[in-house]
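What the coordinates show
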Amino acid sequence: MRELLNGRIEPGKGPVFWIVGALLVIGMLFLPGLVGRYTLLNFNSFLLMVFLATGLALLWGFCGVLSLGQSAFFGIGGYAYGIVAINLADSPWASLAGVAGGIVAAVVFAALLGWLTFYGHLRGVYVSIVTLVVTLVIESFLNQTAGPQWKIGTAHLGGNNGLGRFSGAAENIPSLTIPTGGGNSLVISGSSPTFYYVLIGLIVFTYLLLRALVNSRFGVALAAVREDPDRAETLGYDIRLLQSMTFCIGAALAAMSGLLYVAWGNFITPSVFGVTANVLPVIWVAVAGRKSLAAAILGAVVLQWGAQQLAISGGEWALIVQGALLVLVVLLLPEGLLSLRQQFSRMRDVRSNSLKSQSRQG
Amino acid sequence: MLLSVEKLFKKFGGVVACDNVDWSIGSGETQCIIGPNGAGKSTFFQLLTGRHAADHGRIIFKGGDISRLPPFARANRGIAMKPQTLGVFPELTVEHNMRLTLQRHMSGAALRDAIEARLADLDLAHTLNRQARELSHGQRQWLGLGMAIGSNPDLLLLDEPTAGMSTAETQRTVDLIHRIGATGTAVLVVEHDMAFVRQLAVPTTVFHQGRIFASGTLSDIETNLDVQRLYLGKQGVAKLRN
Amino acid sequence: MGDIISFAYQYADSFALLALSSIGLVIIFGMMGVINMAHGEFMMIGAFGASFGFQWGLPLSLAIVTGVFAATAIGLLLERLVIRKLYGRLLYSLVATWGISLVLSQGALVLIGPSVPSLPNPFGTVSVGGMNFSVYRLFLVALAIALIVTLWALMRFTNFGLHARATMTEPDMAEALGVRTTRIYMVTFGLGAALAGFAGAIFGLSAQIQPTFGAAYTPIAFIVVVVAGSRNIIAGLLASALVLALVKTSFTVGFNILTGYVAMLVTALIIIRLSPTGILDLIGKLKALASRHRSSTKGTSAEETKNA
């Protein structure tokens, strides 16, 4: 287990890394005590997006698949949560059933889409385009579902107004609600410190789990599939299965963010399937460095915060700046800010090696 | 026969690249396939590895029909290959490259030891943590070869394994291939470089226009007038005579 | 009879929509493999440019030219600054053009506004046999056909076309033979932007022109382009648009618009699944399958005769 956590593929290892990481997490735990309710609400919205970012990093950075369908899984996870929870409105398990439903729905859809793309021998940009088109078509479809006949069980899809708004209060999407026994439930609203702690816990847990995954045999194989799928196949690896599995994991992660988003804000509209929503995680991951899960997490949180600051002060320029940032990163630093650190440490290694050889000669 | 090919046929567009070829190789044998450019050697190679599926015909390996199997399934049955294009992952470390082959059969400390041992065999132990692209061309060829035999295959397919090598490196490759053969692995080398083929000195098959033109021991092939004409043309043969 | 004409009219209209939306993207994708995520924004710039031109007092046709000009200029600028640096790295050019798309659409929103004055639609309706047809839509069909034919002629009969085709299939060889591939790529990208701008300006005659104008056409364009494949641009585009439009129209007439759209998508996905390199190769595979079936039935009887 130790080797899995400290392995070679996810960057960052050794005592310094872990101590700094632990300090960061401990520091984060103090935040709710220091800020107001509104700031916490915002911060929670940044944190819940972390899973979406790590899913994209896993697919793009570690597997080489630029999936533009992560928004589709985000939206499916969110809508499924809402639909299941609304239909089970009388049960204390409505919310948790929604969580399960969200993840299952996304994974099933991902398996189907994976069969379509990877087993259809699609590669590179074709995979990206197919995933993008499917996402956009889902958006178009949902936008047309405004009428009363569009419902699943008791949940009206609501067209571009979204879920949970159709018949006023009758179809409210519940916040995250955990039954605590004896007929009581813990309702965790989106602006509460409890939600914050749940998110931090989930993020740490997911990070460690994914880190072990990418450092394992699976991750070693994934790197080969990313670099040269044909050669990987001749070494005995079922590349299509590996890609599909990773795709499903990425979908589950995106759905996690999606359902947490709906539990956070109690609403969801088809705009989450849109092109703008889809490009934001690509920006976070590209800027921070797609080949590191930790970088993806930090990038997602920092860039969302930054975008919000921009929106407050600079008005409508936030998206323009982010778009420009994406272009600049691709042109100048395609491996993201993380690659700066790697270049720096490589330069340091070269220098220390040359110093060593000099001292030997002297 | 370890692997036999029956009436293998492949057409690309209007060109018949493999024209009803029958061929076989036995356990532990080392064979060579040569032929001028466009003779169909590469296509035949790719039909064996599974990169392309034949239009007609069968490939029987260890008694089973593998004609419709994808490359990874053939690899897992015991057919390993090293492509013409080196077959290593340049952006990954040498250690990672070797691990890819060996991790399918072992884990933990045994895996770590095996990786080091194999790399030591290839004289690459000191490059463990370097990226594969930092190695010299010859070193990369050997790493690719090492990766191919890492799984202890029954059959090893090599596509121009000495491309770009110096004379010394080529000789080393010959020794390496003989050593591999001595462990009981059957080896098929598809080659272009006649000097290497002579050094290898194994039964050889000559391809031409998608068919087997001639086959036999190396000296049979070398003294075969038709083969000479094929490579050198009528005038070339006349010059050779004089 | 009326139903047939009505269907044919809708089919032609669908075809025109698909063809015009995607022709700019097809050129760029077919030539360079670049997926231009800013394609919709080039269409938007064409529409915006035409709107401005018209406001400045230009006659409609010149206003449209203004739109094309604007889109081409921006396209060439972006090719020079961004696209050129990313040749061969297709995923990166997809991501970069995506960033550009965001900058252009949001930039238009911020700098110009949520909408611009619409363009007049000078076309009326024509009555044939008791049915009304929009001349505008018929014009779109004629335009689509004209553009495809012109493009085909350009590729077939001009020097540029020759060099372009060489660069498409064997860029290194073309370069070695003295074709300035960088120049070809630049001109191609400009042409793709121009065609997108043109389509945008033309579509702008019948729609509200907003910064998100192009976004509605983007998914359609992508679907047509991926189904078309990159082997033979013209034939691929034709086959793709004809087949997809047929499916779309059939299901729209049979059910509704939404079903038509979804059916078109499903068909596209099936085609891609069966033949990742595009519809032309799918047709080729089907032909090969048919001929093999025919020859195998012939062959068996020949073998039987031999063995007897």
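Here we summarise the structure given alongside this text. (Residues numbered from 1 in each chain as written. Chains lettered and ligands numbered in written order. Predicted model: local features only at pLDDT ≥ 70, side-chain atom pairs only at ≥ 80, totals over all residues.)

Before going further, it helps to spend a moment on the overall build of chain A. Looking only at helices and strands, chain A has 16 helices and 4 strands in total. In terms of overall size, chain A behaves like a compact globule, its C-alpha atoms giving a radius of gyration of 22 Å where 362 residues would be expected to give roughly 21 Å. Projected onto its principal axes, the C-alpha coordinates of chain A cover approximately 85 × 50 × 45 Å. Evaluated residue by residue, chain A yields a buried proportion of 50% over its 362 residues. Considering only intrachain contacts with a sequence separation of at least 6, the fraction spanning at least 24 residues in chain A is 73%. (Helix = DSSP H or I, 4+ residues; strand = E, 2+ residues; numbered from the N terminus. Rg over C-alpha atoms; globule rule 2.2 N^0.38 Å. Buried ≥ 20, exposed ≤ 12 C-beta atoms within 10 Å, placed from the backbone. Contact = placed C-beta atoms within 7 Å.)

The secondary structure content of chain B amounts to 9 helices and 10 strands. Its C-alpha atoms give chain B a radius of gyration of 19 Å, near enough to 18 Å, the size a compact globule of 242 residues would have. Principal-axis analysis of the C-alpha atoms places the extent of chain B at approximately 60 × 45 × 35 Å. Taking the intrachain contacts of chain B between residues at least 6 apart in sequence as the baseline, contacts between residues at least 24 apart amount to 64%.

The strands making up a sheet associate through backbone hydrogen bonding, with each pair oriented either parallel or antiparallel. All names here are of chain B. An order of β6-β7-β8-β3-β9-β10 is seen for the 6 strands of this open sheet, with the pairing classed as mixed. Edge positions in the sheet fall to β6 (79-82) and β10 (211-216), since each of these pairs with one other strand and no more. Pairwise comparison of adjacent strand axes, ignoring direction, gives a mean angle of 20° for this sheet. As judged from the 5 bridges shared by strand β9 (residues 204-208) and β10, these two strands associate in the antiparallel manner. The partner of Thr205 across the bridge, within β10, is Ser215. Against the sheet, helix α1 (residues 41-49) engages β3 (30-34), β6, β7 (155-159), β8 (186-190) and β9, with an angle of about 145° to β7. Across the sheet, helix α6 (residues 167-182) lies against β3, β7 and β8, angled at about 150° from β8, the strand it touches most. (Pairing = 2+ DSSP bridges. Axes fitted to C-alpha atoms, helices over the stretch in contact; angles between N-to-C directions.)

Right, let's talk about the arrangement of the chains for a bit. In this assembly 2 pairs of chains touch, with chains A and C having more contacts than any other pair. If you take every C-alpha in chain B and every C-alpha in chain C, the smallest gap between them is 10 Å, and the two do not touch.

A word on the interface of chain A and chain C. Taken together, the contact between chain A and chain C spans 34 residues of the former and 31 residues of the latter. Taken together, the elements giving at least two residues each to the side of chain A that touches chain C come down to α8 (124-143), α13 (275-288) and α15 (317-332) of chain A. The dominant element in the side of chain A that touches chain C, judged by the number of residues it contributes, is α8 of chain A, at 12 residues. Grouping the amino acids of the side of chain A that touches chain C by side-chain chemistry returns 25 nonpolar, 8 polar and 1 charged. (Nonpolar A, V, L, I, M, F, W, Y, C, P; charged D, E, K, R; others polar.)

Time to look at the pairing of strand β4 (residues 184-188) of chain A. Residue and element names in this part refer to chain A. Strand direction decides the pairing type here: strand β3 (residues 176-181) and β4, joined by 5 bridges, are antiparallel. Its bridge partner being in β4, Pro179 is matched across the sheet by Ser185. Taking the residues that link successive antiparallel strands as the turn, the β3-β4 hairpin has 2 residues, and the phi of Gly182 there is positive, at about 65°.

Let's shift gears to the packing of α15 of chain A against helix α4 (residues 90-111) of chain C. Remark: α15 of chain A packs on α4 of chain C, axes separated minimally by 8 Å, with the N-to-C direction vectors making an angle of 155°. Relative to α4 of chain C, the element α15 of chain A lies roughly antiparallel. Considering the relative orientation of α15 of chain A and α4 of chain C, their crossing is left-handed. Contact residues: Trp317, Leu319, Ile320, Gln322, Gly323, Ala324, Leu326, Val327, Val330 and Leu331 of chain A in α15 of chain A; Tyr92, Val95, Ala96, Trp98, Gly99, Ile100, Leu102, Val103, Gln106, Gly107 and Val110 of chain C in α4 of chain C. In terms of residue class, the contact of α15 of chain A with α4 of chain C is made up of 16 nonpolar, 5 polar and no charged. (Parallel < 35°, antiparallel > 145°, perpendicular 65-115°, else oblique. Left-handed = near helix turned anticlockwise from the far one by under 90°.)

Turning next to unusual backbone geometry. Residue and element names in this part refer to chain B. Of note in the backbone geometry, Lys7 takes a positive phi value of approximately 45° without being a glycine. With respect to the element layout, Lys7 can be found in strand β1 (residues 3-12). Looking at Lys7, the number of C-beta atoms within 10 Å reads 13, which means it is partly exposed. Look at Asn20: it is not a glycine, yet its phi comes out positive at around 55°. As for its position among the elements, Asn20 is in strand β2 (residues 15-25). Since 14 C-beta atoms lie within 10 Å of it, Asn20 is described here as partly exposed.

With that settled, consider helix α5 (residues 50-62) of chain A. An ideal rise of 1.5 Å per residue puts 18 Å on 13 residues; α5 of chain A measures up with 17 Å between its terminal C-alpha atoms. Looking one or two residues past α5 of chain A, Gly64 of chain A carries a phi angle of roughly 80°, positive in sign. (Expected span 1.5 Å × (residues − 1).)

On their own, these measurements won't tell you what the molecule is for.
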